[in-house]
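Each chain is listed here by its residues.
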Amino acid sequence: MTQEEFGDYGGRHVPEPLREPLEQLAEAYDEVSETDEFQTELRALLEEFAGRPTPIYHARNLSERYGAEIYLKREDLLHGGAHKINNVLGQGLLAKKAGRTRLIAETGAGQHGVATAMAGALLDLETEVYMGKKDVQRQEMNVFRMRLMGAEVNEVTRGGEGLADAVDAALEDFAENVDDTHYLVGSVVGPDPFPRMVRDFQSVIGEEAREQFIERTGELPDAAVACVGGGSNAIGLFHAFRDDDVAFYGAEGGGKGADTEKHAAPLAEGTDDVIHGMKTRVIDEDVEVHSVSAGLDYPGVGPEHAMYRAVGRCEYTGITDDEALAAFRELSEAEGIVPALESSHGVARALQLAEESDHETILVNLSGRGDKDMETAAEQFDLS
Ligand SMILES: *Cc1c(COP(=O)(O)O)cnc(C)c1O
(Lines give C-alpha, C1' and ligand atoms only; values in the text may rest on other atoms or scores of the structure.)
Protein backbone atom coordinates (compact mmCIF):
# COMPACT_ATOMS: atom_id res chain seq x y z
CA MET A 1 0.00 0.00 0.00
CA THR A 2 1.51 3.33 -0.99
CA GLN A 3 1.51 6.30 1.33
CA GLU A 4 0.60 9.50 -0.41
CA GLU A 5 3.53 11.89 -0.36
CA PHE A 6 3.16 15.63 -0.16
CA GLY A 7 6.58 16.62 -1.48
CA ASP A 8 8.90 16.46 1.53
CA TYR A 9 5.96 16.41 3.93
CA GLY A 10 3.56 13.89 5.43
CA GLY A 11 4.55 10.26 6.04
CA ARG A 12 3.98 7.95 9.01
CA HIS A 13 6.37 9.09 11.72
CA VAL A 14 4.99 6.85 14.46
CA PRO A 15 6.28 4.40 17.06
CA GLU A 16 6.23 0.67 16.26
CA PRO A 17 2.87 -0.21 17.91
CA LEU A 18 1.04 2.19 15.57
CA ARG A 19 2.52 0.93 12.28
CA GLU A 20 0.23 -2.09 11.89
CA PRO A 21 -2.99 -0.27 12.86
CA LEU A 22 -2.25 2.50 10.34
CA GLU A 23 -1.41 0.01 7.62
CA GLN A 24 -4.73 -1.77 8.26
CA LEU A 25 -6.61 1.51 8.16
CA ALA A 26 -4.95 2.56 4.91
CA GLU A 27 -5.87 -0.78 3.35
CA ALA A 28 -9.47 -0.57 4.56
CA TYR A 29 -9.74 2.97 3.24
CA ASP A 30 -8.34 2.11 -0.18
CA GLU A 31 -10.63 -0.92 -0.49
CA VAL A 32 -13.88 0.41 0.90
CA SER A 33 -13.94 4.06 -0.13
CA GLU A 34 -13.89 3.36 -3.86
CA THR A 35 -16.91 1.04 -3.84
CA ASP A 36 -20.25 2.21 -5.23
CA GLU A 37 -21.99 0.98 -2.10
CA PHE A 38 -19.87 3.18 0.17
CA GLN A 39 -20.16 6.24 -2.06
CA THR A 40 -23.94 5.86 -2.40
CA GLU A 41 -24.47 5.47 1.35
CA LEU A 42 -22.17 8.38 2.16
CA ARG A 43 -23.94 10.64 -0.35
CA ALA A 44 -27.30 9.77 1.20
CA LEU A 45 -26.06 10.62 4.71
CA LEU A 46 -24.53 13.89 3.51
CA GLU A 47 -27.89 14.85 1.99
CA GLU A 48 -30.37 13.59 4.58
CA PHE A 49 -28.44 13.99 7.79
CA ALA A 50 -25.98 16.80 7.14
CA GLY A 51 -28.02 18.94 4.73
CA ARG A 52 -25.89 18.91 1.57
CA PRO A 53 -25.55 20.46 -0.89
CA THR A 54 -24.90 23.82 0.74
CA PRO A 55 -25.43 26.87 -1.50
CA ILE A 56 -22.95 29.52 -2.56
CA TYR A 57 -24.19 32.96 -1.62
CA HIS A 58 -23.32 36.18 -3.44
CA ALA A 59 -22.58 38.65 -0.64
CA ARG A 60 -24.07 41.65 -2.43
CA ASN A 61 -23.57 44.29 0.22
CA LEU A 62 -19.95 43.40 0.96
CA SER A 63 -19.23 43.15 -2.77
CA GLU A 64 -20.53 46.66 -3.29
CA ARG A 65 -18.50 48.01 -0.38
CA TYR A 66 -15.25 46.38 -1.37
CA GLY A 67 -15.40 46.53 -5.17
CA ALA A 68 -14.99 42.79 -5.89
CA GLU A 69 -17.63 40.08 -6.22
CA ILE A 70 -17.50 38.05 -3.00
CA TYR A 71 -19.18 34.64 -2.79
CA LEU A 72 -19.55 32.53 0.37
CA LYS A 73 -19.70 28.73 0.39
CA ARG A 74 -22.25 28.17 3.12
CA GLU A 75 -20.82 25.31 5.21
CA ASP A 76 -22.25 27.19 8.19
CA LEU A 77 -25.69 25.85 7.18
CA LEU A 78 -24.76 22.21 7.79
CA HIS A 79 -26.02 20.11 10.70
CA GLY A 80 -23.77 20.84 13.65
CA GLY A 81 -22.95 24.26 12.25
CA ALA A 82 -19.70 23.55 10.42
CA HIS A 83 -17.89 21.49 7.79
CA LYS A 84 -16.75 18.97 10.44
CA ILE A 85 -19.79 16.77 9.75
CA ASN A 86 -18.46 15.90 6.24
CA ASN A 87 -15.43 14.24 7.79
CA VAL A 88 -17.11 12.42 10.68
CA LEU A 89 -19.76 10.89 8.40
CA GLY A 90 -17.06 9.68 5.99
CA GLN A 91 -14.83 8.17 8.66
CA GLY A 92 -17.75 6.87 10.72
CA LEU A 93 -19.19 5.01 7.74
CA LEU A 94 -15.75 3.67 6.85
CA ALA A 95 -15.33 2.37 10.43
CA LYS A 96 -18.71 0.67 10.25
CA LYS A 97 -17.94 -0.96 6.87
CA ALA A 98 -14.56 -2.12 8.16
CA GLY A 99 -16.32 -3.92 11.03
CA ARG A 100 -15.29 -1.56 13.82
CA THR A 101 -17.71 -1.09 16.72
CA ARG A 102 -16.07 1.80 18.53
CA LEU A 103 -15.03 5.37 17.63
CA ILE A 104 -12.50 7.42 19.53
CA ALA A 105 -11.58 11.05 18.92
CA GLU A 106 -9.55 13.89 20.35
CA THR A 107 -11.08 17.29 20.87
CA GLY A 108 -9.86 20.71 21.97
CA ALA A 109 -12.76 23.12 22.42
CA GLY A 110 -15.16 20.28 21.80
CA GLN A 111 -16.42 20.95 18.26
CA HIS A 112 -14.86 17.83 16.75
CA GLY A 113 -15.91 15.77 19.78
CA VAL A 114 -19.50 16.89 19.29
CA ALA A 115 -19.36 16.05 15.58
CA THR A 116 -17.94 12.61 16.37
CA ALA A 117 -20.70 12.03 18.94
CA MET A 118 -23.28 12.81 16.22
CA ALA A 119 -21.74 10.24 13.86
CA GLY A 120 -21.46 7.70 16.68
CA ALA A 121 -25.15 8.05 17.58
CA LEU A 122 -26.29 7.96 13.94
CA LEU A 123 -24.21 4.89 13.06
CA ASP A 124 -24.71 3.14 16.41
CA LEU A 125 -21.01 3.03 17.30
CA GLU A 126 -19.74 3.24 20.86
CA THR A 127 -17.98 6.62 21.12
CA GLU A 128 -15.25 7.87 23.47
CA VAL A 129 -13.79 11.35 23.23
CA TYR A 130 -10.47 12.36 24.78
CA MET A 131 -10.41 15.92 26.04
CA GLY A 132 -7.85 17.76 28.17
CA LYS A 133 -9.02 18.53 31.71
CA LYS A 134 -8.52 22.26 31.09
CA ASP A 135 -10.80 22.10 28.06
CA VAL A 136 -13.41 20.01 29.89
CA GLN A 137 -13.68 22.75 32.49
CA ARG A 138 -13.86 25.56 29.90
CA GLN A 139 -16.33 23.87 27.57
CA GLU A 140 -19.04 22.48 29.83
CA MET A 141 -21.80 22.81 27.23
CA ASN A 142 -19.93 20.81 24.59
CA VAL A 143 -19.16 18.11 27.17
CA PHE A 144 -22.89 18.02 27.95
CA ARG A 145 -23.79 17.84 24.24
CA MET A 146 -21.45 14.88 23.72
CA ARG A 147 -22.87 12.99 26.71
CA LEU A 148 -26.43 13.78 25.58
CA MET A 149 -25.71 11.99 22.31
CA GLY A 150 -24.34 8.99 24.18
CA ALA A 151 -20.61 9.60 23.98
CA GLU A 152 -18.24 9.07 26.88
CA VAL A 153 -15.90 11.98 27.58
CA ASN A 154 -12.49 10.97 28.93
CA GLU A 155 -10.78 13.74 30.85
CA VAL A 156 -7.03 13.79 30.11
CA THR A 157 -4.95 14.90 33.09
CA ARG A 158 -1.42 14.44 31.78
CA GLY A 159 0.96 17.10 30.42
CA GLY A 160 -0.62 20.49 29.81
CA GLU A 161 -4.13 18.95 29.96
CA GLY A 162 -4.91 20.31 26.48
CA LEU A 163 -5.44 19.23 22.87
CA ALA A 164 -1.94 17.81 22.26
CA ASP A 165 -2.31 15.57 25.36
CA ALA A 166 -5.74 14.43 24.17
CA VAL A 167 -4.16 13.42 20.82
CA ASP A 168 -1.50 11.38 22.63
CA ALA A 169 -4.11 9.62 24.78
CA ALA A 170 -6.25 8.81 21.72
CA LEU A 171 -3.23 7.44 19.82
CA GLU A 172 -2.40 5.12 22.73
CA ASP A 173 -5.98 3.88 22.89
CA PHE A 174 -5.92 3.27 19.12
CA ALA A 175 -2.69 1.25 19.32
CA GLU A 176 -4.17 -0.97 22.04
CA ASN A 177 -7.65 -1.46 20.58
CA VAL A 178 -7.16 -1.50 16.82
CA ASP A 179 -9.27 -4.63 16.32
CA ASP A 180 -12.53 -2.96 17.25
CA THR A 181 -11.68 0.76 17.27
CA HIS A 182 -11.41 3.53 14.68
CA TYR A 183 -9.55 6.70 15.61
CA LEU A 184 -11.57 9.49 14.00
CA VAL A 185 -8.98 12.25 13.46
CA GLY A 186 -10.49 15.72 13.20
CA SER A 187 -8.53 17.39 10.42
CA VAL A 188 -6.10 16.76 7.54
CA VAL A 189 -3.32 16.06 10.06
CA GLY A 190 -1.52 13.09 11.60
CA PRO A 191 0.16 10.10 9.94
CA ASP A 192 -0.89 8.67 6.57
CA PRO A 193 -3.69 7.86 5.66
CA PHE A 194 -5.44 10.59 7.69
CA PRO A 195 -4.38 13.69 5.69
CA ARG A 196 -5.51 12.25 2.35
CA MET A 197 -8.57 10.50 3.78
CA VAL A 198 -9.92 13.61 5.51
CA ARG A 199 -9.12 15.67 2.40
CA ASP A 200 -11.14 13.27 0.27
CA PHE A 201 -14.12 13.48 2.64
CA GLN A 202 -13.97 17.30 2.72
CA SER A 203 -13.46 17.66 -1.04
CA VAL A 204 -17.23 17.68 -1.49
CA ILE A 205 -17.03 21.37 -0.51
CA GLY A 206 -14.95 22.39 -3.53
CA GLU A 207 -16.64 19.95 -5.91
CA GLU A 208 -20.01 21.51 -5.19
CA ALA A 209 -18.68 25.07 -5.12
CA ARG A 210 -16.86 24.73 -8.45
CA GLU A 211 -19.99 23.52 -10.21
CA GLN A 212 -22.20 26.10 -8.50
CA PHE A 213 -19.84 28.94 -9.31
CA ILE A 214 -19.64 28.03 -12.99
CA GLU A 215 -23.40 27.62 -13.20
CA ARG A 216 -23.91 30.98 -11.56
CA THR A 217 -21.29 33.11 -13.32
CA GLY A 218 -20.18 31.09 -16.35
CA GLU A 219 -16.58 31.05 -15.14
CA LEU A 220 -14.25 30.07 -12.32
CA PRO A 221 -13.51 32.42 -9.42
CA ASP A 222 -10.22 34.35 -9.56
CA ALA A 223 -9.43 33.37 -5.97
CA ALA A 224 -10.44 30.81 -3.33
CA VAL A 225 -9.95 31.72 0.34
CA ALA A 226 -10.28 29.72 3.57
CA CYS A 227 -9.13 29.76 7.18
CA VAL A 228 -6.50 27.18 8.18
CA GLY A 229 -6.35 25.45 11.56
CA GLY A 230 -5.44 21.85 10.78
CA GLY A 231 -6.41 22.77 7.24
CA SER A 232 -9.37 20.52 6.41
CA ASN A 233 -11.96 23.09 5.29
CA ALA A 234 -9.30 24.85 3.21
CA ILE A 235 -8.10 21.69 1.45
CA GLY A 236 -11.74 20.68 1.06
CA LEU A 237 -12.40 23.89 -0.88
CA PHE A 238 -9.11 23.97 -2.80
CA HIS A 239 -8.85 20.36 -3.98
CA ALA A 240 -11.36 20.59 -6.85
CA PHE A 241 -9.65 23.76 -8.14
CA ARG A 242 -6.06 22.48 -7.83
CA ASP A 243 -5.45 22.28 -11.60
CA ASP A 244 -7.38 25.48 -12.38
CA ASP A 245 -6.15 29.01 -12.78
CA VAL A 246 -7.56 29.94 -9.38
CA ALA A 247 -5.34 31.61 -6.76
CA PHE A 248 -5.43 30.03 -3.27
CA TYR A 249 -5.21 31.96 0.00
CA GLY A 250 -5.04 30.47 3.49
CA ALA A 251 -5.72 32.58 6.60
CA GLU A 252 -4.06 31.42 9.83
CA GLY A 253 -4.39 32.63 13.41
CA GLY A 254 -2.00 35.60 13.42
CA GLY A 255 -2.01 36.34 17.14
CA LYS A 256 -3.07 39.30 19.21
CA GLY A 257 -2.31 42.35 17.09
CA ALA A 258 1.25 43.49 17.76
CA ASP A 259 1.91 40.53 20.10
CA THR A 260 3.69 38.27 17.61
CA GLU A 261 5.03 36.05 20.43
CA LYS A 262 1.64 34.35 20.46
CA HIS A 263 0.16 33.18 17.20
CA ALA A 264 -1.05 30.05 15.44
CA ALA A 265 0.49 30.47 11.99
CA PRO A 266 2.83 27.52 11.28
CA LEU A 267 2.69 28.14 7.51
CA ALA A 268 3.32 31.86 7.60
CA GLU A 269 5.91 31.68 10.40
CA GLY A 270 6.81 28.09 11.42
CA THR A 271 9.65 25.69 10.66
CA ASP A 272 9.84 22.13 9.28
CA ASP A 273 9.43 19.49 11.98
CA VAL A 274 7.69 16.24 12.93
CA ILE A 275 4.56 16.41 15.09
CA HIS A 276 1.72 13.92 15.68
CA GLY A 277 3.10 11.40 13.20
CA MET A 278 3.64 13.73 10.22
CA LYS A 279 6.38 15.94 8.84
CA THR A 280 4.97 19.42 8.36
CA ARG A 281 5.28 23.08 9.33
CA VAL A 282 5.26 23.55 13.10
CA ILE A 283 5.36 26.55 15.39
CA ASP A 284 8.57 26.76 17.44
CA GLU A 285 8.26 25.31 20.93
CA ASP A 286 9.07 28.62 22.61
CA VAL A 287 6.15 30.37 20.92
CA GLU A 288 2.90 30.19 22.82
CA VAL A 289 0.14 29.10 20.44
CA HIS A 290 -2.77 31.49 20.56
CA SER A 291 -5.84 32.34 18.55
CA VAL A 292 -9.11 33.97 19.58
CA SER A 293 -10.79 31.04 17.76
CA ALA A 294 -10.27 27.64 19.37
CA GLY A 295 -10.43 25.88 15.98
CA LEU A 296 -7.26 27.60 14.75
CA ASP A 297 -5.31 27.01 17.95
CA TYR A 298 -3.06 24.13 16.81
CA PRO A 299 0.77 24.23 16.60
CA GLY A 300 0.96 22.11 13.41
CA VAL A 301 -0.89 22.01 10.11
CA GLY A 302 -1.78 19.42 7.47
CA PRO A 303 1.22 18.29 5.38
CA GLU A 304 -0.51 19.03 2.07
CA HIS A 305 -0.60 22.70 3.04
CA ALA A 306 3.11 22.54 3.87
CA MET A 307 3.63 21.29 0.32
CA TYR A 308 1.32 23.94 -1.21
CA ARG A 309 3.37 26.55 0.60
CA ALA A 310 6.71 25.07 -0.49
CA VAL A 311 5.74 25.00 -4.17
CA GLY A 312 3.99 28.38 -4.06
CA ARG A 313 0.51 27.04 -4.92
CA CYS A 314 -1.12 28.81 -1.96
CA GLU A 315 -0.26 31.99 -0.10
CA TYR A 316 -0.66 31.81 3.69
CA THR A 317 -1.11 34.86 5.87
CA GLY A 318 -1.59 35.38 9.60
CA ILE A 319 -4.79 37.26 10.41
CA THR A 320 -4.79 38.86 13.85
CA ASP A 321 -7.57 38.42 16.41
CA ASP A 322 -8.60 42.05 15.87
CA GLU A 323 -8.80 41.66 12.09
CA ALA A 324 -10.88 38.49 12.46
CA LEU A 325 -13.22 40.14 14.98
CA ALA A 326 -13.71 43.13 12.66
CA ALA A 327 -14.66 40.79 9.80
CA PHE A 328 -16.96 38.83 12.14
CA ARG A 329 -18.79 42.04 12.90
CA GLU A 330 -18.83 43.35 9.36
CA LEU A 331 -20.27 40.17 7.81
CA SER A 332 -22.94 40.04 10.54
CA GLU A 333 -23.95 43.65 10.03
CA ALA A 334 -23.65 43.78 6.21
CA GLU A 335 -25.25 40.46 5.27
CA GLY A 336 -27.11 39.12 8.30
CA ILE A 337 -24.79 36.12 8.55
CA VAL A 338 -22.87 35.54 11.78
CA PRO A 339 -19.74 33.53 10.94
CA ALA A 340 -17.65 31.35 13.26
CA LEU A 341 -14.56 33.17 14.52
CA GLU A 342 -12.41 30.66 12.60
CA SER A 343 -14.24 31.43 9.36
CA SER A 344 -13.93 35.16 10.09
CA HIS A 345 -10.18 34.84 9.46
CA GLY A 346 -10.98 33.75 5.89
CA VAL A 347 -13.51 36.54 5.48
CA ALA A 348 -10.95 39.09 6.73
CA ARG A 349 -8.41 37.84 4.18
CA ALA A 350 -11.02 38.02 1.41
CA LEU A 351 -11.83 41.63 2.29
CA GLN A 352 -8.10 42.50 2.16
CA LEU A 353 -7.84 40.87 -1.27
CA ALA A 354 -10.95 42.66 -2.51
CA GLU A 355 -9.32 45.96 -1.61
CA GLU A 356 -5.70 45.28 -2.50
CA SER A 357 -5.55 42.70 -5.31
CA ASP A 358 -6.68 42.47 -8.95
CA HIS A 359 -9.04 39.59 -8.16
CA GLU A 360 -12.53 40.43 -9.39
CA THR A 361 -14.31 37.33 -8.04
CA ILE A 362 -13.46 35.79 -4.68
CA LEU A 363 -14.91 32.58 -3.26
CA VAL A 364 -14.62 32.25 0.53
CA ASN A 365 -15.33 29.11 2.51
CA LEU A 366 -17.64 30.03 5.37
CA SER A 367 -16.60 26.96 7.35
CA GLY A 368 -19.03 27.43 10.22
CA ARG A 369 -21.58 29.58 12.01
CA GLY A 370 -20.89 31.85 14.95
CA ASP A 371 -23.49 30.72 17.49
CA LYS A 372 -20.78 29.03 19.57
CA ASP A 373 -18.79 32.29 19.66
CA MET A 374 -21.41 34.66 21.06
CA GLU A 375 -19.85 34.83 24.53
CA THR A 376 -16.39 35.62 23.18
CA ALA A 377 -17.82 38.25 20.85
CA ALA A 378 -19.94 39.84 23.58
CA GLU A 379 -16.78 40.28 25.67
CA GLN A 380 -15.16 42.09 22.74
CA PHE A 381 -17.79 44.59 21.60
CA ASP A 382 -20.12 46.77 23.58
CA LEU A 383 -23.19 47.14 21.36
CA SER A 384 -25.42 48.90 23.89
C1 LIG B 1 -12.72 23.20 13.48
C2 LIG B 1 -13.01 24.38 12.64
C3 LIG B 1 -12.03 24.98 11.79
C4 LIG B 1 -10.61 24.53 11.75
O5 LIG B 1 -10.38 23.28 11.22
P6 LIG B 1 -9.76 23.02 9.76
O7 LIG B 1 -9.36 21.61 9.80
O8 LIG B 1 -8.59 23.96 9.59
O9 LIG B 1 -10.82 23.32 8.77
C10 LIG B 1 -12.42 26.04 11.00
N11 LIG B 1 -13.68 26.54 11.04
C12 LIG B 1 -14.62 26.02 11.84
C13 LIG B 1 -15.98 26.62 11.84
C14 LIG B 1 -14.32 24.93 12.67
O15 LIG B 1 -15.28 24.43 13.47
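Given the structure is predicted, the values throughout are model-derived calculations rather than measurements.

Reading guide: rules and limits
Residues numbered from 1 in each chain as written. Predicted model: local features only at pLDDT ≥ 70, side-chain atom pairs only at ≥ 80, totals over all residues. Heavy atoms only, no water. Helix = DSSP H or I, 4+ residues; strand = E, 2+ residues; numbered from the N terminus. Expected span 1.5 Å × (residues − 1). Buried < 20%, exposed > 50% of the residue type's maximum accessible area, 1.4 Å probe, protein only. Arc of directions from axis to C-beta. Contact = heavy atoms within 4.5 Å. Pairing = 2+ DSSP bridges. Axes fitted to C-alpha atoms, helices over the stretch in contact; angles between N-to-C directions. Near = heavy atom within 4 Å. Polar contact = N/O pair within 3.5 Å; in protein donor to acceptor, adjacent residues only side chain to side chain. Areas by Shrake-Rupley, 256 points an atom, 1.4 Å probe, with all protein chains shown as cover. Nonpolar A, V, L, I, M, F, W, Y, C, P; charged D, E, K, R; others polar.

Asker: Explanation requested: helix H2 (residues 36–50) in the structure shown.
Answerer: Every α-helix winds through 3.6 residues per turn, so residues three or four apart in the chain are directed the same way. If you check H2, its first and last C-alpha atoms are 20 Å apart, about what 15 residues at 1.5 Å a residue would give, namely 21 Å. Taken as a whole, H2 has its buried residues at Phe-38, Leu-42, Leu-45, Leu-46 and Ala-50. Buried residues along H2 cover an arc of 100° about the axis, so they all sit on one side. Turned more than 90 degrees away from the buried face of H2 sit Asp-36 and Glu-48, all of them exposed. The inward-facing, buried residues of H2 contact helix H1 (16–32), helix H4 (84–97), helix H5 (111–123) and helix H9 (194–202).

Asker: How should the environment of Phe-6 be read in this particular structure?
Answerer: For Phe-6, the position within the fold is in strand S1 (residues 5–6). Since its relative accessible area comes to 3%, Phe-6 is described here as buried. Between the alpha carbons of Phe-6 and Met-307 there is a distance of 5.7 Å; along the sequence they are 301 residues apart.

Asker: Explanation requested: the sheet that holds strand S9 (residues 223–227) in the structure shown.
Answerer: What links the strands of a sheet is backbone hydrogen bonding, and the strands pair in either a parallel or an antiparallel sense. Ordered in space as S3-S4-S16-S9-S10-S15, the six strands form an open sheet in which the pairing is mixed. Because the sheet does not close on itself, it has two edges, and the strands there are strand S3 (56–58) and strand S15 (314–319). On average, each strand axis in the sheet is tilted by 25° relative to the strand beside it, whichever way the strands run. Inspection of the sheet shows strand S4 (residues 69–74) paired to strand S16 (residues 361–366) by six bridges, in the parallel sense. The residue of S16 that forms the bridge with Arg-74 is Leu-366. Packing of helix H10 (residues 204–217) onto the sheet brings it into contact with S3, S4 and S16, and relative to S4 it is tilted by some 140°. Contacting S3, S4, S15 and S16, helix H14 (residues 321–335) crosses the sheet at an angle of about 95° to S15.

Asker: Quick question: what am I supposed to make of the site of the ligand here?
Answerer: The environment of the ligand is formed by 17 residues, the closest being Lys-84, Ser-187, Gly-229, Gly-231 and Ser-232. Within the side chain of Lys-84, a nitrogen or oxygen atom sits 2.5 Å from an oxygen atom of the ligand. Alone, the ligand offers 380 Å² of accessible surface; in the complex the protein occludes 96% of this. Within the shell around the ligand, the residues separate by chemical class into four nonpolar, eleven polar and two charged.

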